[in-house]
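Report on the structure
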Amino acid sequence: MQHEPVVDAERPSSDQVVDLMMSVLSDTFDHPELWAMVPDLLESYPDLARVLQGRLQNCDPRSRLNLNLLLAIVVATQGGARQMAEALLPAVADCSQSPLVQGVLFHIQRMLDPDNPKYQLAGKVCRAPFEQLDILDSSAHLCCASWLLPTIGNVATRDWQQVWNSVDAQAIRSSMHDGSYRFCNKGACPYIQGNHLPAAEQLRNESEFWRQVVDDRLTVVERGPQSVNLAYDRTCNLACPSCRVQPFAADERMRARFDGMQERAILPMLKHAKVVFITGSGDPFASKNFRSLIEQLTPEEYPELRFQVMTNGMLFTPRQWESFPSLHGRVKYLRISIDAAEGATHEKLRRGARWPVMLENMAFAGDLARQGLVDSFELAFTVQVDNYREMGDAVDLAREVGANSVHF
């Protein structure tokens, strides 16, 4: 006598498993805990690849990317990691800031190089979300937005303390403790890619603050940000194709809004900070708002505050320097952006710049560094097709003008 196969009515089908996985990915963040489950899932559902391929034959275009990501993980787990790493490259290029896409590639690369310590994120704690705040025009971030895209709020509309410890901020800090780093762009972050994240045990021995962060798995940070990047005013006197298509100047309405935010939130917040970065968005000496802010950040009112100044250099003249005594002896680093080592290339890639003026102003910056009026003078060089052949000459130029380093 033949027996009918026993069907477990409570066991989900392969299609239902795919549905569950797709629902997890709907938040667009990385999910290492899901990738870790795939080997066990494949033991129970060996047809997952076939089901995913079937879905891809007739799917909603909005679902295609996530179905392809799941298929890549499944095929990689079944032995096709190298094939899938190559197949994902177009998606990685198209979605260069997606934590999910970058996270899937990161997981597959880990399969190919399992002993590489940069892929072992558990037990490491990134400092940035516990001490850094980047303020953009309508959002705030706990790291460079290219490396940590999710916003934690808007300082222009909420108290900075609420933004600093918002639900989203706490979720990001929690992802450091659980080792998922699910919100981070793992392919772009230089600390992840360079294996520079400190071990939790190393951090806890640095100070009482870090001991509490590690031991108590803190997500609410009572003290304010120690490093603040002001990147809300895009005003700039140049138009560099790597950044924007034309010069930008905040209008009267925008300046009034920035003034209100500076008075209500930025100035009080900087009372708690150690370093302020001006600016990650434009040029500090072209911006009326940033010029006003620098003037107000006096050593008498902000005795522990140091500056990180980034400028395109055209307005960094001896006269400008003398007009900002609040900077004197308080600049942690001065970074001047150049995109060339020759005048013609620089003026092509930094539209509006004049090379003779740049050479004079860089030499002046070098003099300030030699006199100890700025701690470090750096050149920043955005590498692109039109200038990469001048990278070596840019190092020679840095030596000539007295810069301490070149940041490519």
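The structure displayed is predicted, hence computed values, not measured ones.

Each helix and strand counted, the chain has 18 helices and eight strands in total. Its C-alpha atoms put the chain at 100 × 45 × 45 Å along the principal axes. Taking all 408 residues of the chain together, 50% fall into the buried category. Relative to all contacts within the chain whose residues are 6 or more apart in sequence, the contacts with residues 24 or more apart total 69%. A total accessible area of about 19800 Å² is found for the chain, and carbon and sulfur atoms account for 51% of it. Positive and negative side-chain charges in the chain, numbering 40 and 51 respectively, have mean positions lying 3 Å apart.

On average, residues of the chain score 95 in pLDDT, and 98% of them reach the 70 mark or higher. pLDDT under 50 marks residues 1-7. Its contacts with residues more than four places away, or in other chains, come to zero contacts.

In this section: the pairing of strand β6 (residues 331-338). Most of β6 sits out of view: seven of its eight residues are buried. Bridge count between strand β5 (residues 306-311) and β6: five bridges; the pairing is parallel. Note on β6: the bridge partner recorded for Val309 is Leu334. Here β6 runs beside strand β7 (residues 377-381); their pairing, made up of five bridges, is parallel. When the bridges of β7 are listed, Ser337 appears paired with Ala380.

Counting residues in hydrophobic clusters, the biggest one holds 90 residues, and the most contacted among them are Ile135, Leu230, Ile266, Met362 and Phe377. Once you skip the residues sitting within four places of it in the chain, Met362 turns out to touch Ile336, Ile338, Trp355, Phe377, Leu379, Leu397 and Val401. Counting residues in hydrophobic clusters, the runner-up holds 37 residues, among them Leu56, Cys59, Leu70 and Ala85.

With that settled, the discussion passes to the pairing of β5. With respect to burial, β5 is a largely interior element, five of its six residues being buried. Two strands pair when backbone bridges link them, and strand β4 (residues 275-278) and β5 are joined in this way by four bridges, in the parallel orientation. The partner of Phe277 across the bridge, within β5, is Gln308.

Moving on: the packing of aromatic side chains. Aromatic rings considered in pairs are described by the distance between their centres and by the relative angle of their planes. A complete count under the given rule lists 13 aromatic pairs for this structure. A centroid spacing of 4.9 Å and a plane angle of 65 degrees characterise the contact between Phe106 and Tyr119, whose relative ring orientation is edge-to-face. With Phe106 in helix α6 (residues 99-112) and Tyr119 in the loop between α6 and α7 (128-131), this residue pair connects regions lying 13 residues apart in the sequence. Take Phe106: its relative accessible area is 6%, and that puts it in the buried class. On the accessibility criterion, Tyr119 (6% relative accessible area) is buried. An angle of 55 degrees between the planes, with centres 5.3 Å apart, marks the rings of Tyr232 and Phe258 as tilted. Pair noted here: Tyr232 is in the loop between β3 (227-231) and α13 (252-270) and Phe258 is in helix α13, with a separation of 26 residues, a long-range link. Here Tyr232 matches Phe258 in class, with each residue buried.

Among the secondary structure elements, Arg173 is positioned in helix α9 (residues 167-177). Within the buried core, Arg173 has no salt-bridge partner, and the shortest N-O distance to an opposite charge, that of Glu222, equals 9.3 Å. Residue contacts for Arg173: discarding those within four places in its chain leaves Pro129, Phe130, Leu142, Trp164, Asn165, Leu218, Thr219, Val220 and Val221.

Attention now goes to a nonpolar patch on the surface. On the surface, Val383, Val385, Tyr388 and Phe408 cluster together into a nonpolar patch covering about 390 Å² of accessible area. By the secondary structure assignment, Val383 is in the loop between β7 and α18 (391-401).

For Arg217, the position within the fold is in the loop between α12 (208-215) and β3. A sequence separation of 193 residues divides Arg217 from Val24, and the C-alpha atoms of the two residues are 24 Å apart. Engagement of the side chain of Arg217 in a polar contact is seen with the backbone oxygen of His177, the distance being 3.2 Å.

In this section: unusual backbone geometry. Comment: phi is negative for the bulk of residues other than glycine, and the bulk of peptide bonds are trans. In this model, Ile278 is joined to Thr279 through a cis peptide bond whose omega is 5 degrees. Looking at the element boundaries, Thr279 is found in the loop between β4 and α14 (288-296). Non-glycine residue Tyr181 carries a positive phi angle of around 45 degrees. Take Tyr181: it is sitting in the loop between α9 and α10 (190-193).

So, on to the environment of Gly313. Position of Gly313 relative to the elements: it lies in the loop between β5 and α15 (318-322). On the accessibility criterion, Gly313 (0% relative accessible area) is buried. Put simply, Gly313 and Gln102 are 211 residues apart on the chain and 35 Å apart in space, counted from C-alpha to C-alpha.

For any two helices packed against each other, one specifies the inter-axial angle together with the distance between the axes. Helix α4 (residues 61-87) packs onto helix α3 (residues 48-57) with a crossing angle of 155 degrees between their chain directions and a minimal axis gap of 9 Å. Compared by their axis directions, α3 and α4 come out roughly antiparallel. Our pair here, α3 against α4, has a crossing hand that is left-handed. Note on element contacts: α4 touches α3 through Arg64, Leu67, Asn68, Leu70, Leu71, Val74 and Gln78, opposite Leu48, Ala49, Leu52, Gln53, Arg55 and Leu56.

Criteria and thresholds
Residues numbered from 1 in each chain as written. Predicted model: local features only at pLDDT ≥ 70, side-chain atom pairs only at ≥ 80, totals over all residues. Heavy atoms only, no water. Helix = DSSP H or I, 4+ residues; strand = E, 2+ residues; numbered from the N terminus. Buried < 20%, exposed > 50% of the residue type's maximum accessible area, 1.4 Å probe, protein only. Contact = heavy atoms within 4.5 Å. Areas by Shrake-Rupley, 256 points an atom, 1.4 Å probe, with all protein chains shown as cover. Lys, Arg positive; Asp, Glu negative; His and termini not counted. Charge placed at Lys NZ, Arg CZ, Asp CG, Glu CD. pLDDT = per-residue confidence, 0-100. Pairing = 2+ DSSP bridges. Core = buried A, V, L, I, M, F, W, Y, C linked by side-chain atoms within 4.5 Å. Phe/Tyr/Trp six-rings, centres within 6.5 Å; stacked < 30°, edge-to-face > 60°. Salt bridge = Lys/Arg side-chain N within 4 Å of Asp/Glu carboxyl O. Patch = residues over 30% accessible without salt bridge, like charges linked within 9 Å, V, L, I, M, F, W, Y side chains within 5 Å. Polar contact = N/O pair within 3.5 Å; in protein donor to acceptor, adjacent residues only side chain to side chain. Axes fitted to C-alpha atoms, helices over the stretch in contact; angles between N-to-C directions. Parallel < 35°, antiparallel > 145°, perpendicular 65-115°, else oblique. Left-handed = near helix turned anticlockwise from the far one by under 90°.

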